[in-house]
Each structure stands twice: as C-alpha cells, then as structure tokens.
Amino acid sequence: APQLESDLIFFEASHLRAHSGFRRWARAQAPPEAPLDLDRLLGQAAELHSAGSSMPQYTPSARVDGAHEEGIWSLSWTATDRVCTGGVDEHLGVFTAAGAREARLRAAHVGVVSVAAHPKDAVVATNAVDCTVRFWDVSADAGGDEGTPATEEGYKQLVSSIEAGAVEAWALAYSPDGRRVASGTQAGALNVWDVDTGNVAARMETQDQFVLSVAYSPGGDLVACGGVDGT
C-alpha cells in the first residue's frame, strides 16, 4: 500500500477464506427487502472481536520506511515474486516480499506514474510524465544500482523503450501473454502497443478526457479502462 510518506507496506493475506466467509455472513444479515444496516453489522463485528473471535486481523508482514524519497505512485508484483515501485522521485524500486531492496534505478527524468509487471517474465514496464514507456529487466542478476547514470544509454537494466508521444500514455497494463501493453492517454484514448516492435497495434477512443486506469481481462480479449469523469 503506497503511503504519502513514501513507505512501502506488505500485508499478510493468509486469511482471505475466513474474510470471504465473514463477507457472506454480513450479506446474509440483511433481509432482501431492507438495505444493509452497516452500523448494526459493525457493532456485531466489534462484539465478536471482543469475545475472542477468530476473525482475521491484518498486520504488516514487512515495511520499508522511506522506500522512495517522495510519494509512491504505482507498484506491481512480478512473476518472480518481486515488488516494483515507481514514484515522484523518478526512480524504480525493486524489493523482495520480505521488504529487502534489490535495486533502485533512475527510471526517468520526471515522475514515474505507472508500473506494470510482465505476467511471466522478470520484466517490468514503467511510464513517466514524459510519456516514455520503458521496459526493465528486474531479474536478480541484471545489475543496476543507485549509481546508474541518468541517461538512456546508462540504464543497466533497460531492455527497450517506446516514445509514446505527448499525452499518449499514462496508466499501463500488460496483456496476459505479455505481447501487448495497453496505455490510457491524457487525451481520452486507449493505445495498445506491440512490445516487440514498439508500434501501436490498436487505438480506441473512449470519449473521456483522461484515461486514468487500464486492465486486461484474464483471456486477453478485453481491456477495461476508467476515466477522470467516473466512467
């Protein structure tokens, strides 16, 4: 969970089944003809907790204070069990699930607004305010450190990049096969990029002003996007 103070926090999710059971129980308390009484249900939950219920309580399993010098705007969990973070401080962070930092790379000359992990490989796509989509090798032996020069040629882990053009990229999402990356634009469109060629494979106008979020369906045949107007 990214915090305004730039900390990185990991939560255990081992009790999701019990949590889902509680949600089903909560829904069952509301009769079909009446709206859900949240105050009553929260009161009952508090009574269960005070009585020593086994209701799951979530606590951080790891915390990285000051993971970035400024706010963390985006993060993504990789197929190789790493958490990659992008922030206002223009860096890409790579952390283990235990919170140990493996790399800190200068990922752009402006803030990193989106991080998307490849579904199978140790590759992460980032996008910055400059609308350049960069692809990074974040495998353990790829190298990279804080001393990496802030020039395109000096990125030790940079695989490739796509110059999307002004306002043509914001939020990113990998397709399930890893061959495409979708990006919402500040002009209200949705671009789908071919990772190998760097070309636009498809472009869709959403009739929105600014596409803030994108996500592929599990089958890869659909892309959902959310805009600044709430659509």
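Look up a bit, the structure's there.
On a predicted model such as this, the values are computed, not experimentally measured, just so you know. Residue positions are given per chain, counted from 1 along the sequence in the order it is written. Side-chain atom pairs in this predicted model are given and counted only at pLDDT of 80 or more, local residue features only at pLDDT of at least 70, and totals for whole chains, interfaces and linings cover all residues. Water and hydrogen atoms were dropped before computing side-chain values, which therefore reflect all heavy atoms in the structure.

Caption draft 1: Structural view of the overall build of the protein chain. Each helix and strand in the protein chain was counted, giving two helices and 16 strands. Residue exposure (1.4 Å probe, protein chains only): buried if accessible area is under 20% of the type maximum, exposed if over 50%, otherwise partly exposed. Taking all 231 residues of the protein chain together, the buried fraction comes to 42%. The method behind every accessible area is Shrake-Rupley, applied with a 1.4 Å probe, and residues are considered shielded solely by the protein chains displayed. By element, 53% of the accessible surface of the protein chain is carried by carbon and sulfur atoms, the whole surface being about 12100 Å². By definition, any uninterrupted DSSP run of H or I lasting at least four residues is a helix, any uninterrupted run of E lasting at least two residues is a strand, and each is numbered from the N terminus.

Caption draft 2: Broad picture of the nonpolar core. With 16 residues, the main nonpolar core has Cys84, Leu92, Val115, Val124, Trp136 and Val138 as its most contacted residues. Only strand 5 (91-96), strand 6 (101-106), strand 7 (112-117) and strand 8 (123-128) provide two or more residues apiece to this core. By nonpolar core is meant a set of buried Ala, Val, Leu, Ile, Met, Phe, Trp, Tyr and Cys residues that side-chain atoms within 4.5 Å join together. Membership of the second largest hydrophobic core comes to 13 residues, among which are Val133, Ala164, Ala169 and Leu172.

Caption draft 3: The sheet that holds strand 14 (residues 200-205), seen in detail. Between any two strands, pairing holds if DSSP finds at least two bridges. Spatially, 11-12-13-14 is the arrangement adopted by the four strands of the open sheet, whose pairing is antiparallel. Strand pairing shows two members of the sheet lacking a second neighbour, strand 11 (172-174) and strand 14, which therefore form its edges. On average, each strand axis in the sheet is inclined to that of its neighbour by 20°, with strand direction left out of account. For strand 13 (residues 189-194) and strand 14, the ladder comprises five bridges, and the chain directions are antiparallel. Each residue of the ladder has a partner; that of Trp193, found in strand 14, is Val200. In this analysis, axes come from line fits to C-alpha atoms, helices being fitted only over the stretch in contact, and the angle between any two N-to-C directions falls in the range 0 to 180 degrees.

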